[in-house]
Amino acid sequence: MSKDQNISVFDKIKNDKHEQLVFCNDESLGLKAIIGIHSTVLGPAIGGTRMWNYSSDNEALRDVINLSKAMSYKSSLAGLNAGGGKAVIIGDPKIKSEPFIKRFAEFINDLNGKYWTAQDVNMSTSDIVWMKERSDYVVGLPKEHGGLGDSSSPTAYGVYVGIKSATKHITGNDSLKNKKVLVQGVGNVGRKLVSHLINEGADVSVVDINKENIENVSGDNVTIVNEHEIYDKTYDIISPCALGGTINVDSLKKIKCDIIAGAANNQLGDDSLVPEILKEKNILYIPDFLINAGGIISVYHEQINDIDEKKVMKMTESIYDKVLDVLDHSIKHSFSTNASAIQLAKDRIKENSKK
Ligand code: NAD
């Protein structure tokens, strides 16, 4: 038995003070899911539902605990009146069906708005539309269903302004003209980020394991990098926009850049070691949950029924100043940028819990 399995569920949620875990089970549909509510101090918990073929229930539990906490930090830093939550459905996404998704939505509905869900890994737009039929507490709907649509546009814009802010911090000027930028993953967010960077005259390289997605950006005057040669060159900025965990002890042996700032969630492979190595290598890391908040800003506006794209983009633009605040805090307190972002997020939650 692994050490993790010996720890009680309550011990697992004690350190980060999670409010509630909900275990959902419908044997007839093969539905097993966990909803994690980390905090509702700032407002209802908001965060997407992901479906994943976890190797164990424990792995799913760990994931929902970490992801829901990160959502609290993301919403807090973004200045939203929203808490942090996340849901994970355990199983092969191929077993999804309309009754399966609608049954899951009923479990969300039972929480009466304490948790609001949206789209995450392996959940499609049609899943979100089906869920909305069984629960009011669903956001991230397509525009034709009254929502704000694809959240990758604000997410990409937030990453772009965050990169500019980090550049200003280092060089005193936020221009990205001629800056060498590697975008790792050119899916929904990465592709839109490439457009912003090209428009500003950056020297953009891209890497992706999906040839079709590479083709979508190849007309944009970008350099295509082979995935096996990804860290061979020196860049001003590396922007991870694929999967989590790419900034780790191994990759940092090869990475040569001044700034790491991208959309992917949970970029740091190991929270304790990696910030130290980043410091030694003099790489400025902009925390993912600070810079990729455009998506949550968009679904939050749906949650408060303020369907206004301009407002979403304006609020997303404030990521520029929030990055500078975190960097100032990090210097003032000699914290890593990651630790500073967490501290500022926790401070706002703590301040509000007294009210
Ligand atoms: P996506 O699935 O559309 O794109 C991901 C891209 O990464 C794909 O093109 C995929 O082929 C590529 N990829 C996967 N593994 C790779 C690897 N090893 N090397 C290179 N490329 C690889 O996802 P997305 O919506 O663009 O989101 C990108 C990241 O940003 C994800 O980590 C997501 O969780 C995070 N994020 C997205 C949003 C949003 O609004 N879409 C919001 C916050 C965070």
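Residues numbered from 1 in each chain as written. Predicted model: local features only at pLDDT ≥ 70, side-chain atom pairs only at ≥ 80, totals over all residues. Heavy atoms only, no water.

## A look at the layout of surface pockets
Stated precisely, the cut-off is as follows: Cavities and pockets were defined on a 1 Å grid built from protein atoms only: a cavity is a group of points that admits a 1.4 Å probe but offers it no way out, a pocket is an open group of points flanked by protein on both sides within 12 Å along at least five of seven lines, and a lining residue is one with an atom within 4 Å of any such point. Grid points are joined across faces, edges and corners, and a volume is the space filled by probe spheres set on the points. Every helix listed is a DSSP run of H or I at least four residues long, and every strand listed is a run of E at least two residues long, numbered separately from the N terminus. Each residue is assigned to one class: nonpolar for Ala, Val, Leu, Ile, Met, Phe, Trp, Tyr, Cys and Pro, charged for Asp, Glu, Lys and Arg, and polar for all the others, Gly among them.
The calculated volume of the second largest pocket comes to roughly 490 Å³. Taken together, 19 residues form the lining of the second largest pocket, with Lys-279, Ile-283, Leu-284, Ser-330 and Thr-337 sitting closest to its centre. Of all the elements, helix α9 (residues 274–280) adds the most residues to the lining of the second largest pocket, at four residues. Its residues assigned to classes, the lining of the second largest pocket shows nine nonpolar, seven polar and three charged.

## Considering the domain arrangement of the protein
Going by this rule: Each domain's extent is set by a domain assignment, obtained either automatically or from a database.
Taken domain by domain, the protein consists of domain 1 (4–70 + 83–138) and domain 2 (152–292 + 322–347). Centre-to-centre, using C-alpha coordinates, domain 1 lies 28 Å away from domain 2.

## Some words on unusual backbone geometry
Although it is not a glycine, Asn-282 adopts a positive phi angle of roughly 55 degrees. With respect to the helices, strands and loops of the structure, Asn-282 is situated in the loop between α9 and β12 (284–285). For Ser-334, which is not glycine, the phi dihedral falls at a positive 55 degrees.

## Some words on helix α7 (residues 188–199)
The criterion, for reference: Expected span of a helix: the number of residues minus one, times 1.5 Å. Burial classes follow relative accessibility: with a 1.4 Å probe on protein chains only, a residue under 20% of its type's maximum area counts as buried, one over 50% as exposed, and anything between as partly exposed. Relevant arc is that of directions from the helix axis to the C-beta atoms, nothing else. By definition, residues are in contact when any of their heavy atoms lie within 4.5 Å.
The terminal C-alpha atoms of α7 lie 18 Å apart, and with twelve residues this matches the ideal 16 Å at 1.5 Å per residue to within 8%. Listed as buried for α7 are Val-189, Gly-190, Leu-193, Val-194 and Leu-197. Buried residues in α7, looked at end-on, bunch into an arc of 135 degrees, giving them a common side. Packed against the buried residues of α7 are α6 (152–171), β7 (180–184), β8 (203–207) and β10 (235–240).

## Considering the packing of aromatic side chains
Where we set the bar: Pairing of aromatic rings covers Phe, Tyr and Trp, the last through its six-membered ring, and needs centres within 6.5 Å; plane angles under 30 degrees mean stacked, over 60 mean edge-to-face, and all others mean tilted. When the NZ atom of lysine or the CZ atom of arginine is within 6 Å of a ring's centre and also within 35 degrees of its normal, the charge is said to sit over that ring.
Using the criterion set out here, one finds three aromatic pairs in the structure. Note on Tyr-73 and Phe-289: the rings are 6.2 Å apart at their centroids and 50 degrees apart in plane angle, and the pair reads as tilted. Residue Tyr-73 is found in helix α3 (residues 57–77), and its partner Phe-289 is found in helix α10 (residues 288–291); the two are separated by 216 residues along the sequence. Positioned over the ring face of Phe-107 is Arg-103, at 4.1 Å from the centre of the ring.

## Quick word on the sheet that holds β7
Heads up, the condition is: Paired strands are those between which DSSP finds at least two bridges. Lines fitted to C-alpha atoms define the axes here, with helix axes fitted over just the stretch in contact, and angles between the N-to-C directions of these axes take values from 0 to 180 degrees.
Across the sheet, which stays open at both edges, the six strands sit in the order β9-β8-β7-β10-β11-β12 with parallel pairing between neighbours. Each edge of the open sheet is held by one strand with a lone partner, namely β9 (223–224) and β12. Pairing of strand β11 (residues 257–260) with β12 involves two bridges; the strand directions are parallel. Within β12, the position partnered with Ile-260 by the bridge is Tyr-285. Its contacts with the sheet place α7 against β7, β8 and β10, and it is angled at close to 170 degrees to β7.

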